[in-house]
Amino acid sequence: MSETLTPTPSAGDDAGTSADTQKPTKYRKRGQVAKWLSIVWLVFLVFTAVGASWLPYVKHSCEQFAEKADCRTHVDPNPLLSERPPFWATFSDTTRPVVGDAPERVGLFGTDTNGFDIFSRSMFGARNSLLIGAMSIVFGILIGGTLGLIAGYVGKRTDKVIDTIMNIFLSFPALLLAIFIVGFFGSSGADEAESRSIGPIILALVILSIPPIARLVRANTMVYAQREFVLAARSLGAKNGRIIAREILPNVMPAMVTFAITGMAILIVAEGALAYLGLSVSAPTPTWGSMIFGGQQKLETAWWMAIMPAVVLFLTVLAINLLGDVLSEKFRIKEAIG
Amino acid sequence: MRYFGQKLIQLVIVVFVVTFVVSLALGAIPNAEERIIASTGQGVFTEEDRNAILDEVHLRDPAVVQYGYFVKDLVTFDWGVTFGGNQSVRSSIWDGLQISLRLMVYAQLVALLLAIPLALLAAYRNGGVFDRVSTTVSFGFISLPNYVLATVLGLLFTVRWKIFPALSKNVGFFEAPFDHFKNFFLPTLVLALPLAATYMRLLRSDLINTLQSDFITTARAKGLSTSHILFGHALRPSLFSLLTAAAVNVGALVGGSVVVETAFNLNGLGRKTVVGIFSSEFRLVQITVVVLALVYVFINFLADIVYGLLDPRVRGARSV
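Residues numbered from 1 in each chain as written. Chains lettered and ligands numbered in written order. Predicted model: local features only at pLDDT ≥ 70, side-chain atom pairs only at ≥ 80, totals over all residues.

Helix and strand content of chain B: 15 helices and zero strands. Taken over 320 residues, chain B has a buried fraction of 36%. (Helix = DSSP H or I, 4+ residues; strand = E, 2+ residues; numbered from the N terminus. Buried ≥ 20, exposed ≤ 12 C-beta atoms within 10 Å, placed from the backbone.)

Printed below as a string of structure tokens:
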């Protein structure tokens, strides 16, 4: 992710779009495969994230195991299984002592220092990361979209005021603004690390996402507000609210949805960056960012602790971006920000 | 002229609001007084000591007075000393700025040097093997969060192969050029690769448009060599959006490389600010944020002005 947090949807590929229709079917098929792969991955991720507590790979307590060595959970520490590489990683060994019949390699993603299973933690992390990303972008769209519609439709002074406010927000370095919000308003007391909940993080990410969305919607609204069908609706006596809701909004929607998808990827990454700086949801609840951050300290002895959640995060962002790309090609969205 | 006037008015408003908000942000922080007292780290205080410290930061004055002091200090470069240590805020920021600027310049250079030739190659054989491979790879890099890239490169270069130090030190270029290279290589790469991917995609799509124009056909008909056509004729008219992105990224990179600076333990401006937030060095944070915001605002203002000069259509448009 470029750290700017300013989404560049599909990087302005309108040249590629027009060429795509003439491309041989072979290449189009390849795009289809990528699209379906990313859909499958995202569906899988949402499914495991929602059902993380009920799915069989997560054992809730070590009591159900006869052998202590088999116990892999995301809640109960198990020193017997500390820092085990994943079962397929025959090229790396654990640096921890192997006691009795405890396996040398275990699990799809290995285990971390506490003996937690990294795969199940990644899936619980998906729950938090996806929830944070989705909630932030929904609120961002609601607030930013409304502001953009008003600015683009009413125009004149209202437009100037809203645009200036957005410029002010944009002028602060994005990540620093988020750190400031989470760092100072996230914790209630002097104890920074204690009891940080999901709320302030979402607040920070919403504030980050409002200005770009508002700008995009404003630019699109301005185009449609001048069209004949709006004039026609107005001459039929439609009120402003109706024109915005029934005439303009459906036209602006595709751009908004596409942007929301790309934006969600960016926000998930931003949450990871906050977690990486030690500023996300506090300890027992994993997010991908905090898992990567935790694993980085152990990079020399246990690479899988940082790399596996990083791979999951990367694949997710890639899948979301791919979908956003497909959508923006479908709707023929050009760069509307500027 | 009206266009420039409007831009100027907006600039003044934004600068005013940014400084005003930052100067008052101190009062909005919960327990600001306790935090400041705690960060001075001198233990028990009499009421007078307490008041003296708090008077120094003008926390108890009315908003307008606070703002007045803030602007006065800002313009006269009287930025005081950090609460905790005895380093002056000015030299602290200057140290950080040097590192951040270095990183920014290196990253931009590497990104542009990578992006321009790759984009030219890709656009020239649009739809060919190289084009498809490079587009796919660049798409991957765009989706790669920089802390993930930092982790992976760290694993490969510092843990496995031990080529570069895991924690970069700020070694000056003229003191030890080779050490300097070693210490700045990884951070630069982490910043530059995703940037290069973005630049490449921007330039590629613009180049494809340009290469379809008539004057390229003319140039080809004249029998000019491919490299002459690409560099001499096609590149310049396609640079517009690339340069825009590069300009915007200047501001973002100076303050925004927080993650990379943290990953490689470089005491740049971004990391200093984050550490400042954690250790309640409000003065340092305030000044840094204001300086960064102003840099960003001025760069954008200059970019707008340059567009207005270059492209008369922008001036006429209703968009602000």
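From this point, the narrative continues.
A few words on the overall build of chain A. Looking only at helices and strands, one finds 10 helices and zero strands in chain A. Written out in order from the N terminus, the α and β elements of chain A read α-α-α-α-α-α-α-α-α-α. Taken across its 338 residues, chain A has 50% of its residues classed as buried. At a minimum sequence separation of 6, the contacts of chain A that also span at least 24 residues come to 70%. (Contact = placed C-beta atoms within 7 Å.)

Residues and elements named next belong to chain A. Packing of helix 6 (residues 198–225) against helix 8 (residues 240–276) leaves a shortest axis separation of 9 Å and a crossing angle of 155°. Between helix 6 and helix 8, the interaxial angle falls into the category roughly antiparallel. The two elements helix 6 and helix 8 meet at a crossing, and its hand is right-handed. Side by side, helix 6 and helix 8 meet where Ile201, Leu205, Leu208, Ser209, Ile213, Leu216, Val217, Asn220, Thr221, Tyr224 and Ala225 of the first sit next to Ile248, Asn251, Val252, Ala255, Met256, Phe259, Gly263, Leu267, Ala270, Glu271 and Leu274 of the second. (Axes fitted to C-alpha atoms, helices over the stretch in contact; angles between N-to-C directions. Parallel < 35°, antiparallel > 145°, perpendicular 65-115°, else oblique. Left-handed = near helix turned anticlockwise from the far one by under 90°.)

With that settled, consider the nonpolar core. Ala178, Ile179, Leu205 and Leu274 of chain A together with Ala119 and Tyr199 of chain B are the most contacted members of the largest nonpolar core, which totals 154 residues. In terms of residue count, helix 8 of chain A provides more of this core than any other element does, 20 residues in total. Non-local contacts of Leu205 of chain A, meaning those with residues more than four positions away in its chain, are made with Ile132, Ser136, Ala178, Leu267, Ala270 and Glu271 of chain A. (Core = buried A, V, L, I, M, F, W, Y, C linked by C-beta atoms within 7 Å.)

Moving on to unusual backbone geometry. Residue and element names in this part refer to chain B. The phi dihedral of Asn265 is positive, around 60°, even though this residue is not glycine. Mapped onto the elements of the fold, Asn265 is located in the loop between helix 12 (258–263) and helix 13 (269–278). Owing to 14 C-beta atoms within 10 Å, Asn265 belongs among the partly exposed residues under this scheme.

This brings us to the environment of Ile29 of chain B. Its location among the elements puts Ile29 of chain B in the loop between helix 1 (2–28) and helix 2 (32–40). Under the C-beta neighbour-count criterion, Ile29 of chain B is labelled partly exposed, with 17 such atoms within 10 Å.

All names here are of chain B. Of the residues in chain B, 91% reach a pLDDT of 70 or more, and the chain-wide mean stands at 81. For chain B, helix 15 (residues 312–316) is the element with the lowest average pLDDT, namely 59, and helix 6 (residues 129–142) is the one with the highest, namely 89. The complex model carries a pTM of 0.83, and its ipTM stands at 0.83. (pLDDT = per-residue confidence, 0-100.)

Residues and elements named next belong to chain B. Helix length check: helix 6, at 14 residues, gives a terminal C-alpha distance of 20 Å against a target of 20 Å (1.5 Å per residue), a fit within 8%. Turning to helix 6, its buried residues number three or more, namely Asp131, Thr135, Ser138 and Ile142. Here the buried residues of helix 6 occupy an arc of 70° about the axis, which is enough to place them on one side. Set apart from the buried face of helix 6 by more than 90 degrees, the exposed residues are Val129, Phe130, Val133 and Thr136. (Expected span 1.5 Å × (residues − 1). Arc of directions from axis to C-beta.)

Right, let's get into the environment of Ile208 of chain B. Relative to the helices and strands, Ile208 of chain B is located in helix 8 (residues 177–211). For Ile208 of chain B, a count of 24 C-beta atoms within 10 Å translates into the label buried.

Residue and element names in this part refer to chain A. Model confidence for chain A is summarised by a mean pLDDT of 78, while 77% of its residues fall at 70 or above. Between residues 1–21, whose pLDDT stays under 50, and residues either more than four places distant or in other chains, the model counts 59 contacts. pLDDT under 50 marks residues 188–194. Its contacts with residues more than four places away, or in other chains, come to six contacts.

All names here are of chain A. Secondary-structure assignment places Leu274 in helix 8. Counting along the chain gives 99 residues from Leu274 to Leu175, while the straight-line C-alpha distance between them is 8.0 Å. Apart from the residues within four sequence positions on either side, Leu274 is in contact with Ala178, Ile179, Val182, Ile201, Leu279, Ser280 and Gly289.

So, on to helix 3 (residues 47–56) of chain B. Where burial is concerned, little of helix 3 of chain B is hidden: zero out of the 10 residues are buried. Downstream of helix 3 of chain B by one or two residues, His58 of chain B has phi in the positive range, about 55°.

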